[in-house]
Amino acid sequence: MMDLSAYRDIFIEELNDQLERMDQSLLALELSPSVELVQTLFRAAHTIKGSASTMDFRELSDLTHEVEYALEWVREKKPEMTSELIDTLFRSLDAMKVLRDQYIRGEAYADFRAVVREIKDLIQTPAVVGQLKVPQLQPAESIVAQVAIVSGKQLLSIHIVLEQKCMMKAARYHILRQRIEDICGTVVATSLMESQPGAQNEDDHYGQFIIIVATSKDPQQLKAELSSDSDIHMLEIDPYLLESNEVAATSAPLELIYETEQSKQSLPTVNTTGPDEKVKAAQPTVRVSVERLDHLMNLVGELLIDQTSLADLSGTGARKESSTLIRSISGVSDHMGRVIKELQEGVMKTRMLPIDQLFSRFPRLVRDLSQKLGKDLELVIQGGETELDRMIIEELSDPLIHLIRNSADHGIESAEVRAGNGKPSKGRITLTSFHEENHVVIRYSDDGKGIDGEKIKASALGKGIISEEQAARLTTQEAVHLIFEPGFSTASSVSEVSGRGVGMDIVRSQIGRLNGIIDIDTEVDVGTTFTIRLPLTLAIIKGLLVKVSGRVLILPMYNVAEIVRISPEDIQMIQGQQAILNHGRIVPFHRLCDRLNYPRTDRKSKTIPLVIVRSVDKIAAYAVDEIIGNQEVVIKTLGTYLGAMNHLSGATILGNGKVALILDASYLVSL
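Residues numbered from 1 in each chain as written. Predicted model: local features only at pLDDT ≥ 70, side-chain atom pairs only at ≥ 80, totals over all residues. Heavy atoms only, no water.

Asker: Looking at this structure, how should I read the overall build of the protein chain?
Answerer: The number of helices and strands found in the protein chain is 22 helices and 22 strands. Counting every position in the protein chain, which comprises 671 residues, the buried fraction comes to 44%. Contacts spanning at least 24 positions in sequence make up 71% of the contacts within the protein chain whose residues lie at least 6 apart. By element, 51% of the accessible surface of the protein chain is carried by carbon and sulfur atoms, the whole surface being about 35000 Å². (Helix = DSSP H or I, 4+ residues; strand = E, 2+ residues; numbered from the N terminus. Buried < 20%, exposed > 50% of the residue type's maximum accessible area, 1.4 Å probe, protein only. Contact = heavy atoms within 4.5 Å. Areas by Shrake-Rupley, 256 points an atom, 1.4 Å probe, with all protein chains shown as cover.)

Asker: Explain the environment of V332 to me, please; I cannot follow it from the model alone.
Answerer: Examined against the element boundaries, V332 turns out to sit in helix α12 (residues 322–350). Taking relative accessible area as the criterion, V332 reaches 13% and is therefore assigned buried. Setting aside chain neighbours within four positions, we find V332 in contact with D306, S309, L310 and L313.

Asker: In this structure, what is going on with the environment of M168? I would like to understand it.
Answerer: Structurally, M168 can be placed in the loop between β1 (154–162) and α7 (169–184). Along the primary structure M168 and Y206 are separated by 38 residues, whereas in three dimensions their C-alpha atoms are 9.0 Å apart.

Asker: I'm lost on the packing of helix α3 (residues 58–77) against helix α5 (residues 113–122) in this one. Help?
Answerer: Two numbers describe a pair of packed helices, the interaxial angle and the distance between the axes. Contact pair α3 / α5: the axes reach a minimum separation of 10 Å and the direction vectors enclose 15°. Judged on the interaxial angle alone, α5 and α3 are roughly parallel. Both α3 and α5 take part in a crossing whose hand is left-handed. Residues L63, E66, V67, A70 and W73 of α3 form the contact with α5, whose own contacting residues are V115, V116, I119, K120 and L122. Class assignment for the residues of the contact of α3 with α5 results in eight nonpolar, no polar and two charged. (Axes fitted to C-alpha atoms, helices over the stretch in contact; angles between N-to-C directions. Parallel < 35°, antiparallel > 145°, perpendicular 65-115°, else oblique. Left-handed = near helix turned anticlockwise from the far one by under 90°. Nonpolar A, V, L, I, M, F, W, Y, C, P; charged D, E, K, R; others polar.)

Asker: Whenever I open this one, the pairing of strand β12 (residues 540–548) confuses me. Can you help?
Answerer: Looking down a regular strand, the side chains alternate between one sheet face and the other. The buried fraction of β12 amounts to seven of the nine residues, a majority that puts the element mostly inside the structure. Across eight bridges, β12 lies against strand β20 (residues 626–634) in antiparallel orientation. Opposite L545, over in β20, you have G629 as the bridge partner. Note that β12 and strand β13 (residues 551–556) share six bridges and pair antiparallel. Considered in β13, the bridge of V548 is made with R551. What sits between the antiparallel neighbours β12 and β13 is a turn of two residues, in which S549 has the positive phi angle 55°. (Pairing = 2+ DSSP bridges.)

Asker: How should I be thinking about the side chain of E413 in this particular structure?
Answerer: Among the secondary structure elements, E413 is positioned in the loop between α15 (390–411) and α16 (415–420). We classify E413 as buried; its relative accessible area is 7%. For E413, the side chain forms a polar contact with the main-chain nitrogen of K449, separated by 3.4 Å. In contact with E413, not counting residues within four places along its chain, are K375, R418, N421, K423, D447, G448 and K449. (Polar contact = N/O pair within 3.5 Å; in protein donor to acceptor, adjacent residues only side chain to side chain.)

Asker: Is there a simple way to explain the confidence of the model for the protein chain in this structure?
Answerer: Close inspection of predicted coordinates is inappropriate for parts of the model with low pLDDT. Per-residue confidence for the protein chain gives a mean pLDDT of 80, with 85% of residues at or over 70. Within the model, the stretch residues 125–130 combines pLDDT values under 50 with twelve contacts to residues more than four positions away or in other chains. The low-confidence segment residues 248–280 (pLDDT under 50) makes 45 contacts with residues lying over four places distant or belonging to another chain. (pLDDT = per-residue confidence, 0-100.)

Asker: Explain the sheet that holds β20 here, please?
Answerer: To summarise the sheet geometry, strands pair through backbone hydrogen bonds and adopt either a parallel or an antiparallel arrangement. The five strands lie next to each other as β20-β12-β13-β22-β21, forming an open sheet whose pairing is mixed. Either end of the sheet is taken by a strand with one partner, and the two such strands are β20 and β21 (648–653). Each strand axis lies, on average, 35° off the axis of its neighbour in the sheet, ignoring direction.

Asker: Sorry if this is basic, but what is going on with the environment of L538 here?
Answerer: Tracing the backbone shows L538 in the loop between β11 (527–535) and β12. Relative accessible area serves as the criterion here: at 15%, L538 is assigned to the buried category. Put simply, L538 and N515 are 23 residues apart on the chain and 8.5 Å apart in space, counted from C-alpha to C-alpha. Discounting residues that sit within four places of it in the chain, L538 has contacts with D389, M391, I392, L514, N515, Y558 and I635.

Asker: How do you make sense of the nonpolar core when you look at a structure like this?
Answerer: Counting residues in each nonpolar core, the largest one holds 55 residues, and the members touching the most others are F362, L396, L400, I442, I483 and F530. For this core, the element with the highest residue contribution is α15, accounting for seven residues. Contacts of F362, omitting those with residues within four sequence positions, involve L379, S397, L400, I401, I404 and L431. Counting residues in each nonpolar core, the second largest holds 41 residues, with F11, I12, L37 and L122 among its members. (Core = buried A, V, L, I, M, F, W, Y, C linked by side-chain atoms within 4.5 Å.)

Asker: What's the story with unusual backbone geometry in this structure? I'm lost.
Answerer: Outside of glycine, negative phi angles account for most residues, and trans bonds account for most peptide bonds. Located in the positive-phi region is D525, a residue other than glycine, with phi close to 70°. Among the structural elements, D525 can be located in the loop between β10 (517–523) and β11. Look at D525 and you get partly exposed, because its relative accessible area is 43%. Phi at H583 is positive, roughly 55°, even though this residue is not glycine. Here H583 is to be found in the loop between β16 (577–582) and β17 (585–591). You can call H583 exposed: its relative accessible area is 70%.

Asker: Please explain the sheet that holds strand β18 (residues 608–615) as it appears in this structure.
Answerer: The strand order across the open sheet formed by six strands is β14-β18-β19-β17-β16-β15, and the pairing between neighbours is mixed. Single-partner strands in this sheet number two, and they are β14 (560–566) and β15 (572–574). Strand after strand, the sheet turns through a mean of 40° between neighbouring axes, direction not considered.

Laid out in structure tokens, this is it:
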């Protein structure tokens, strides 16, 4: 059997693309039905079915076959795009995603027969008189079925309804059964229609029947071969799944039979992964345009030329005057510096993805929330072309999902309340992204009821999150940021969507891990806007170099709000804690050496260099011994050798060859 593991990552990447295309096309189809969108869905389903079949992923192939059949019915019959139709297609798509996730994790596959039945009901399979049950396999039949699966065959259920005018239905049944056996090879079981009480003609007992076969034939090919019979009114071919009790009843005999079969065939991919086996995870990939790769190749070519120039200078240096040699080396060095800078930017761009790859997941979420909550919601996306580091995009998913769920559940009012406030009945959520200097700004806003700072303060006080003294000191704007505290919620009851007080805490922690900053701008009965500022990438940053106790440390520049010098008299004691007044705001004051347990050094200057650090919604001032300056640094992870080092986000190698530690700003401001 051919080893398909080499193609696994390619298959998963293509599968993700096709599922995303189907999701977006279904959303568009619901808003504006068109033949082109149905055709796009059909092509995507057909591609998934083919690639899944090639990878021997029969569960997904069989399910997608049913989805493809339903889309073919939509394409030919052109029915009205009812909510029932769209919902059924969405549930089918969700089932396909579940199978994909189970395939990646190596888990047992879900039973999708209920989804298949829903699809069949959707496409209005013609009703027939009489009761017909799918055959329940007997132990002997189960053994035959399992041996067939071991040998690489699939089980199919062939449901045939004969024409009412067909003469001698019993004879036609036996002819068709023999024909099916000749084509497929093995008939596992059959089921005939139950005789109706008082039936005059016993021949009607054969009016419809189900035949379970084990075959390597493609279902579509088999259907084409059988459908030519003029006496067949309806023909359906579906995958047949063994019930758990059918497998259990024959597990012992199957082991004996398998011993003789395993030398011929290997087990099919039905999740044979044991509990102790490690499932190979799909490797993350990034698609890069050929134009960008060509540019990088040209830059590498220029570096090779510079390398040749340096080698030539090294060989002829002894015969040249020192001043001429220095000028030559300086020229080559300057050119190499420019090329390396451009190469660095080019490599960074290869990690960049348009943020639309993240935003495109949310229209489906908003649609589902709209149905679940009974609210009319719309999502407006702007700036999807803004590029951001792939790793940051992946980490942003959870925070934005929590913001959307909170807005939909208790941010945006019901249609009745909105009408009373003079607002349109449809609530609007807007996601915008754009570049601002060396940052990416993501602006999330809704036109809901806004956040009442006084109500937030009262709720936090009641839950014991803040004391009465702290509440009295908080301004309304500062009180709004209490929504990020763990366990905080203003919801009167817990729903499926929100109200447990965990969502906004996740938003803050995730944004903090990305060295981001979040601001809230809200107005009661008007709406709320969250502004998230993030670095373009976490691989290369601009850092502020400071000296503390003789050590050089680095703070990410995008977490540095301000650099100031103060005199010792500017440090005040407020509620037993040292603080300074900065632009009218009280900012906690710390000595960085104390926080890091470094020894203090003698201060010669009368002023204290101070770095004001900001992360997410918190701010703190740290005294250092010396401000060295800023430069771009490459972040290297510390691994697990040093254990838990929460105050560090990594390290870098400076130009002098020494290692400098990079501080985690989010950890520092939380102390």
